[in-house]
Amino acid sequence: MTAYDTTWQRYTPGQRLLRFALYLLFVLAIVQSLRSIDVIPEFLYDAPTQMADLLNRMWPISWASFPGAIQKALVETLHMATLGTILAVIMAVPVGLAAAGNLTRNKAVNFLARLILVSSRSINSLVWALLFIAIFGPGPLAGTMAIAFRSIGFVGKLLGEAIEEAHPGPIEALTATGARTGSIIGYGYWPQIRPAFWSIVLLRWDINVRESAVLGLVGAGGIGMALNSAMDLFQWDKVALILVLIFAIVIVAEVFITRARKTLL
């Protein structure tokens, strides 16, 4: 028998029963989902006609509407994403350091830091935006704070994992010389986690650019507010313009992130 030969074995009765139960649960989940979403066949049949009519009303795109409010909203979106990411990094770094088990030996502090990271990730950015709108009122400040608090969990968790995966050799050498914690972090951990850190920050900024374009739909500033206003007024040519701008932002952000990663890493 060679290394590439395969020995086939039949499933045991218990394995066959478990596979059948999983398939049955999968089918039941699909059936229950179809029953609960209340699909109306008439709307499905009419969907292609309605889509064609909507696209017809979006064309031609109202390029002349860009200067003014839409341009300002676009710049506001980029500012929200950038400032929100900076605030998130400032708040997430100490939490990420506290969440790293090999750096923070205090179990209570470690648990509290992980609880903060989980809490940040468990609340959607739109929910964060609604909470901060209730505090600060509608506008870009609420959107910036929503982006920041949503990003803490992402940045802090990945930063903590990068610290835990750092090679212990340099850390042990610095500890043996009696170096302080700040020196251990700066000269032992930072050279090892620096590529991961900048990758995390750039990736989160890219995500925040996309999310900031949506937060305006609930009144948190940015180009989403312009999109919501145009839809409420049935200005479909402006809606098309805003959708094209959002798509362009995503493409430009992707190109920027790719170039920045090559430069920094």
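These numbers were taken from a predicted model, which means no experiment stands behind them. (Residues numbered from 1 in each chain as written. Predicted model: local features only at pLDDT ≥ 70, side-chain atom pairs only at ≥ 80, totals over all residues. Heavy atoms only, no water.)

Participant: Which parts of the structure should I look at to understand the overall build of the protein?
Facilitator: Secondary structure assignment for the protein yields ten helices and zero strands. If you list the helices and strands of the protein from N to C, you get α-α-α-α-α-α-α-α-α-α. Computed over the C-alpha atoms, the radius of gyration of the protein is 25 Å, more than 25% above the 18 Å expected from 2.2 N^0.38 for a compact globule of 265 residues. In terms of overall dimensions, the protein has C-alpha extents of about 70 × 60 × 40 Å along its principal axes. The proportion of buried residues among the 265 residues of the protein is 35%. Counting contacts in the protein only where the partners sit at least 6 residues apart, residues at least 24 apart contribute 72% of the total. (Helix = DSSP H or I, 4+ residues; strand = E, 2+ residues; numbered from the N terminus. Rg over C-alpha atoms; globule rule 2.2 N^0.38 Å. Buried < 20%, exposed > 50% of the residue type's maximum accessible area, 1.4 Å probe, protein only. Contact = heavy atoms within 4.5 Å.)

Participant: I'm lost on a nonpolar patch on the surface in this one. Help?
Facilitator: Taken together, Leu17, Leu18, Phe20, Leu22, Leu24, Leu25 and Leu28 make up a surface patch of nonpolar side chains, about 740 Å² in accessible area. You can see Leu24 is positioned in helix α1 (residues 13-36). (Patch = residues over 30% accessible without salt bridge, like charges linked within 9 Å, V, L, I, M, F, W, Y side chains within 5 Å. Areas by Shrake-Rupley, 256 points an atom, 1.4 Å probe, with all protein chains shown as cover. Salt bridge = Lys/Arg side-chain N within 4 Å of Asp/Glu carboxyl O.)

Participant: Explanation requested: the nonpolar core in the structure shown.
Facilitator: In globular proteins that are soluble, nonpolar side chains generally tend to be buried together. In terms of nonpolar packing, the biggest core is built from 25 residues, with Trp205, Val209, Ile223, Val239, Ile242 and Leu245 touching the most fellow members. Elements supplying a minimum of two residues to this core: α3 (66-99), α8 (181-215), α9 (223-232) and α10 (236-264). Sort the elements by how many residues they give to this core and α10 lands first, with eleven residues. In contact with Ile242, not counting residues within four places along its chain, are Ile70, Ile223, Ala226, Leu227 and Ala230. Val89, Leu159, Tyr189 and Val201 belong to the second-largest nonpolar core, a separate cluster that totals twelve residues. (Core = buried A, V, L, I, M, F, W, Y, C linked by side-chain atoms within 4.5 Å.)

Participant: I would appreciate a short explanation of helix α4 (residues 107-122) in the present structure.
Facilitator: Since the α-helix turns once every 3.6 residues, residues separated by three or four places project in the same direction. Look at α4: 22 Å from first C-alpha to last across 16 residues, which is about the 22 Å you get at 1.5 Å a residue. Those residues of α4 that sit buried are Asn110, Ala113, Leu117 and Ser120. One face of α4 carries all of its buried residues, which in axial projection span an arc of 95°. Exposed positions of α4 whose direction lies more than 90 degrees from the buried face are Lys107, Ala108, Phe111 and Ser122. Residues of α4 that are buried in the fold lie against α3, α5 (125-136) and α6 (140-164). (Expected span 1.5 Å × (residues − 1). Arc of directions from axis to C-beta.)

Participant: Any chance you could explain the side chain of Thr144 here in plain terms?
Facilitator: Within the fold, Thr144 resides in helix α6. The exposure class of Thr144 is buried, given its relative accessible area of 6%. The contacts of Thr144, once residues within four sequence positions are left out, are Met80, Leu83, Gly84 and Leu87.

Participant: Just to check I follow, could you spell out the environment of Ile223 for this structure?
Facilitator: The residue Ile223 is located in helix α9 in this model. The spatial distance from the C-alpha of Ile223 to the C-alpha of Leu78 is 9.4 Å, given a sequence separation of 145 residues. Not counting the four nearest positions on each side in its chain, Ile223 is found in contact with Ala73, Leu74, Thr77, Ala213, Ile242, Leu245 and Ile246.

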